[in-house]
Amino acid sequence: MSTPFEYAPAPESRAVVDIKPSYGLFINGEFVDGHGKAFKTVNPATEEVLAEVAEATDADVDEAVKAARRAYTRVWSRMSGAERAKYLYRIARIIQERGRELAVLESIDNGKPIKESRDVDIPVVAAHFFYYAGWADKLEYSGYGSTPLGVAGQVIPWNFPLLMLAWKIAPALACGNTVVLKPAETTPLTALLFAEICQQADLPPGVVNIVTGAGDTGRAIVAHPDVDKVAFTGSTEVGKAIARAVAGTEKKVTLELGGKAANIVFDDAPLDQAVEGIVNGIFFNQGHVCCAGSRLLVQESVADEVMERLKRRMATLRVGDPLDKNTDVGAINSAEQLAKIRELSDIGEAEGAERWSAPCDLPANGYWFAPTVFTGVSQAHRIAREEIFGPVLSVLTFRTPSEAVEKANNTPFGLSAGVWTDKGSRILSMANRLRAGVVWANTFNKFDPTSPFGGYKESGYGREGGRHGLEAYLKGADA
Amino acid sequence: MSRIDVRKTYKLYIGGQFPRSESGRSYIVNDAKGRLMANASQASRKDARDAVVAARAAFGGWSGRTAYNRAQVVYRIAEVLEGRREQFEAELRAAEGISPAKARAAVDAAIDRLVWYAGWADKLTQVVGNANPVAGPYFNLSTPEPSGVIAVVAPRSPLLGLVSVVAPLIVTGNTVVVVASEPHPLTAVTLGEVMATSDLPGGVVNVLTGSQAEIAPWLASHMDVNGIDLTGVEDEALATDLEVAAADNLKRVRRPEPDTDWLAEPGLDRMTRFQETKTIWHPIGV
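Now for a look at the structure at hand. (Residues numbered from 1 in each chain as written. Chains lettered and ligands numbered in written order. Predicted model: local features only at pLDDT ≥ 70, side-chain atom pairs only at ≥ 80, totals over all residues. Heavy atoms only, no water.)

### Examining the overall build of chain B
Move 1: Tallying secondary structure elements over chain B gives ten helices and ten strands in all.
Move 2: The C-alpha atoms of chain B give a radius of gyration of 20 Å, which matches the 19 Å a tight globule of 286 residues would have.
Move 3: Expressed as a percentage of the 286 residues in chain B, the buried residues total 55%.
Move 4: If you sum the accessible surface of chain B, you get close to 11900 Å²; carbon and sulfur atoms cover 53% of it.
Move 5: Between the mean site of the 30 positive side-chain charges and the mean site of the 33 negative ones, chain B shows a separation of 4 Å. (Helix = DSSP H or I, 4+ residues; strand = E, 2+ residues; numbered from the N terminus. Rg over C-alpha atoms; globule rule 2.2 N^0.38 Å. Buried < 20%, exposed > 50% of the residue type's maximum accessible area, 1.4 Å probe, protein only. Areas by Shrake-Rupley, 256 points an atom, 1.4 Å probe, with all protein chains shown as cover. Lys, Arg positive; Asp, Glu negative; His and termini not counted. Charge placed at Lys NZ, Arg CZ, Asp CG, Glu CD.)

Here you go:
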């Protein structure tokens, strides 16, 4: 679409990143070949093959767990909290120092816009290590004791590859655990760069082990008998499989799973701000956000006006090259995910909802989906119930606060919710009644290392971030 | 001629009422010497589902009450229990074959535990909740909230154990479906009578008696139950099955601890295990 405000391309340089043709596994402080096959990771914006990555087998996972156990027993659990803290501070600082490199690599491997990886992901990653570094020598004040669990097996998703790594590794290490972490198969590169950062920080070998691979590698980590704690972020379906796999064992588990967040706009809300919040809620990171505000509940009296303003705003979203500094919406992470988004959107149309997509020219290569909104959605529609995990918004209306609460809570998920109103008492009343782990009032999709994050119901259990995030990695004062 | 005593029919406690099992079944409960104490109701799948419906119906009202009010109701249970202590001492002596002194100690401890938990209702939020110093212009607060309907497989300890697993759940706003100890179910029903006369709304606590292995799986797989406390499960294979079933809707699980020392100070864990942390954000501006 041509507007008076066309921007010239402003691409971030790739020169700052050195991608190797192939990568091994990071076990016991070194890169090793592993015993499995190699798989390719591609740039979702261009479909260019970026590198070959090793697929860890059961034997590789076993080696990684053994390395983690050795490091736990001999070094890490014996070290004073103050010394552990220094390593975490070092890592935080190196992440800040190499921020540009990490941001560019994250955007290349994941497809997310550089302005998000540069301004959100990487700064929050560094902040997480900084925050938890400070806890390492203060655990006895946390209320959860100060005894680590042992070896943590951690499996993370592709939507925020480095941020999820930080959410998992920083608290685990601060509490004195060692880790075996598996990044997602479509986004392994920044985790492998993080392994180099661990080397630069002189982190003792085996404290952090990174094994790449897909579902089988993840299952091997979860099932390994010498893993004391399992931490997973990903789909509800896999979360349930993990809950079954650890049943009858002593393993401690935290699960951060899917969501279908209601973003509730009342008629007295500042509408332009609300529209910005709606856009941020669902189109941030291409909608690849478990807490995305994917169900817009708008009060009937302002529904037409909100939709008009929303469509006008959506038409200004710039979709395209993730490395362009003016890009708002980047590439869908994989062909598989694109197919899923297309399928659910087609079902939305077939079930009678009205579809509207922002007019935009999508690149010929790569995986792309235009920001899309569905109106005339009912609670029974699959697009109102299932997590699409893409830039697709479903719009429902309501008349009274109670109806909004009822519709918002009418889902098996309970990760997040948004409320937009000028009335303070209504915010507090809604926040009380919404069954969700995070409630954003007059804002959306805000994250901070000091703040606990996690779900109710089928959105999983446990909290990450903040003081509460320590509980997942300590034996607990009562145990 | 000596007086013929009037025996009590032990029924279930569901939704504030004392219905018989819809199955029409009962099972024999003997005292410690093997003599018949009563025919207890043997709850069925339908009874379990009715209990969940009652617990769900009660959840909104109970969790929505002020913590001060929940504290008073739980304290009231202690008051009423105190007034009926002889009855409970007699039941415990018969059921467990313990000495009068031990029975008295168990009843004392159960009453004291209710009082202890009552005091937590309006303090737990302050102890486990907090404001978060966000790096940005936001006001941000984390507070605990109840998980919802919790199924509890009660331990063998008929009164103190039962009170120790139920009180921490209700004082924090959850509603509960309890599978009473299979060999010692009668005290649980009598405790239901105490709760029914303690201003505890119907449905907040529901008591099922019968076979653990028969009832618990229906509760573990029930899609409208948010958590399951397996404290009293003594069979490891059954515990694993229940934990697997609980994954159907990602119930919060407390794994078995049948050998717990109920006289020890409990700590916060039984309250916090079935709480969710909610974090609320709002921008700071003028």
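### Considerations on helix H4 (residues 114–135) of chain A
Move 1: With 22 residues, H4 of chain A should cover 32 Å at 1.5 Å per step; its first-to-last C-alpha distance of 31 Å lies within 8% of that length.
Move 2: Of all bends in H4 of chain A, the biggest is about 25°, found at Asp-121 of chain A, and the proline Pro-123 of chain A comes one to four residues later. (Expected span 1.5 Å × (residues − 1). Bend = angle between axes of the 7 residues up to and from the residue.)

### Here we look at the sheet that holds strand E10 (residues 275–283) of chain B
Move 1: Taking strand neighbours across the sheet as the criterion, the ten strands line up as E13(A)-E14(A)-E15(A)-E12(A)-E11(A)-E16(A)-E17(A)-E10(B)-E4(B)-E3(B) in an open arrangement whose pairing is mixed. Among the strands making up the open sheet, the edge pair consists of strand E13 (354–357) of chain A together with strand E3 (130–131) of chain B.
Move 2: Sheet topology places E3 of chain B next to strand E4 (residues 138–146) of chain B; two bridges connect them, and they run antiparallel. Considered in E4 of chain B, the bridge of Asn-130 of chain B is made with Ser-142 of chain B. (Pairing = 2+ DSSP bridges.)

### Here we look at the sheet that holds strand E5 (residues 49–54) of chain A
All names here are of chain A.
Move 1: The sheet built from three strands is open, its strands ordered E1-E5-E4 with mixed pairing. The sheet terminates laterally at strand E1 (22–23) and strand E4 (38–42), the two strands that pair on one side only.
Move 2: Bridge count between E4 and E5: five bridges; the pairing is antiparallel. Pairing of Thr-41 across the sheet is with Ala-51, part of E5.

### Description of the interface of chain B and chain A
Reports of interface size often rely on the accessible area that becomes lost once the parts have come together.
Move 1: The partner chain A presents 44 residues to the 40 residues of chain B that form the contact.
Move 2: In this assembly, chain B packs against chain A so that about 3100 Å² is buried in total across both faces, 49% of it on carbon and sulfur atoms.
Move 3: Its salt-bridge partner being Arg-463 of chain A, residue Glu-276 of chain B comes within 3.3 Å of it at the nearest N-O pair.
Move 4: Along the contact surface separating chain B from chain A lie 28 residue pairs in polar contact (both at pLDDT 80 or more).
Move 5: Elements represented by at least two residues in the side of chain B that touches chain A include exactly helix H5 (124–128), E4, helix H9 (236–246) and E10 of chain B.
Move 6: Broken down by element, the residue count for the side of chain B that touches chain A peaks at eight residues, all from E10 of chain B.
Move 7: Across the side of chain B that touches chain A, the residue classes tally to 17 nonpolar, 14 polar and nine charged.
Move 8: As judged from the three bridges shared by strand E17 (residues 438–441) of chain A and E10 of chain B, these two strands associate in the parallel manner. (Contact = heavy atoms within 4.5 Å. Buried area = accessible area lost by both parts, 1.4 Å probe. Salt bridge = Lys/Arg side-chain N within 4 Å of Asp/Glu carboxyl O. Polar contact = N/O pair within 3.5 Å; in protein donor to acceptor, adjacent residues only side chain to side chain. Nonpolar A, V, L, I, M, F, W, Y, C, P; charged D, E, K, R; others polar.)

### Points about the pattern of salt bridges
Move 1: Scanning the entire structure with this criterion turns up 52 salt bridges over all chains.
Move 2: A salt bridge links Arg-382 of chain A to Glu-386 of chain A, with the nearest nitrogen and oxygen atoms 2.6 Å apart.
Move 3: Relative accessible area serves as the criterion here: at 30%, Glu-386 of chain A is assigned to the partly exposed category.
Move 4: Its salt-bridge partner being Arg-254 of chain B, residue Glu-257 of chain B comes within 2.9 Å of it at the nearest N-O pair.
Move 5: Classification of Glu-257 of chain B by relative accessible area gives partly exposed; the value is 30%.

### Thoughts on the pairing of strand E15 (residues 392–398) of chain A
All names here are of chain A.
Move 1: With six of seven residues buried, E15 is to be regarded as a mostly interior element.
Move 2: Where strand E12 (residues 295–299) and E15 come together, five bridges link them in parallel fashion. Residue pairing for E15: Arg-295 is matched across the bridge by Ser-394.
Move 3: For strand E14 (residues 372–375) and E15, the ladder comprises three bridges, and the chain directions are parallel. Looking at E15, one finds that Phe-374 is bridged to Ser-394.

### Looking at a nonpolar patch on the surface
Move 1: Taken together, the side chains of Phe-139, Leu-141 and Ile-284 of chain B define a hydrophobic patch exposed on the protein surface, amounting to about 290 Å² of accessible area.
Move 2: Secondary-structure assignment places Ile-284 of chain B in the segment after E10. (Patch = residues over 30% accessible without salt bridge, like charges linked within 9 Å, V, L, I, M, F, W, Y side chains within 5 Å.)

### Overview of the nonpolar core
Move 1: Of all hydrophobic cores here, the largest spans 116 residues; its most connected members are Phe-129 and Phe-194 of chain A.
Move 2: Of all the elements, helix H5 (residues 161–174) of chain A adds the most residues to this core, at eleven residues.
Move 3: Residues within four places of Phe-194 of chain A in sequence aside, it is in contact with Ile-91, Ile-95, Phe-129, Leu-162, Leu-165, Ile-169, Val-208 and Ile-210 of chain A.
Move 4: If you look at the next biggest cluster of nonpolar residues, it comprises 52 residues, including Ala-71, Leu-124, Val-163 and Val-204 of chain B. (Core = buried A, V, L, I, M, F, W, Y, C linked by side-chain atoms within 4.5 Å.)

### A short note on unusual backbone geometry
Move 1: At Asn-28 of chain A, a position not held by glycine, the phi torsion is positive, near 55°.
Move 2: Mapping Asn-28 of chain A onto the fold places it in the loop between strand E2 (25–27) and strand E3 (30–32).
Move 3: The partly exposed category is assigned to Asn-28 of chain A, whose relative accessible area is 29%.
Move 4: Of note in this structure, Leu-250 of chain B is not a glycine but carries a positive phi near 55°.
Move 5: Tracing the backbone shows Leu-250 of chain B in the loop between H9 and strand E9 (252–254).
Move 6: Residue class for Leu-250 of chain B comes out buried when judged on its relative accessible area of 1%.

### Points about the environment of Ala-51 of chain A
Residues and elements named next belong to chain A.
Move 1: For Ala-51, the position within the fold is in strand E5.
Move 2: Judged by relative accessible area, which is 2%, Ala-51 ranks as buried.
Move 3: Not counting chain neighbours up to four residues away, the residues in contact with Ala-51 comprise Ile-19, Lys-20, Pro-21, Tyr-23, Phe-39, Lys-40, Thr-41 and Leu-189.

### Regarding the pairing of strand E11 (residues 262–265) of chain A
Residue and element names in this part refer to chain A.
Move 1: A two-sided burial pattern is seen for E11, the buried positions comprising Ala-262 and Ile-264 on one face and Asn-263 and Val-265 on the other.
Move 2: Pairing of E11 with E12 involves four bridges; the strand directions are parallel. Within E12, the residue paired with Asn-263 across the bridge is Leu-296.
Move 3: One crossover worth recording links E11 to the parallel E12 by way of helix H9 (residues 271–283), and it is right-handed.
Move 4: As paired strands, E11 and strand E16 (residues 416–420) are joined by four bridges and run parallel to one another. Residue Ala-262 lies in a different strand from E16, and its bridge partner there is Ala-417. (Right-handed = clockwise from strand over helix to strand, strands pointing away.)

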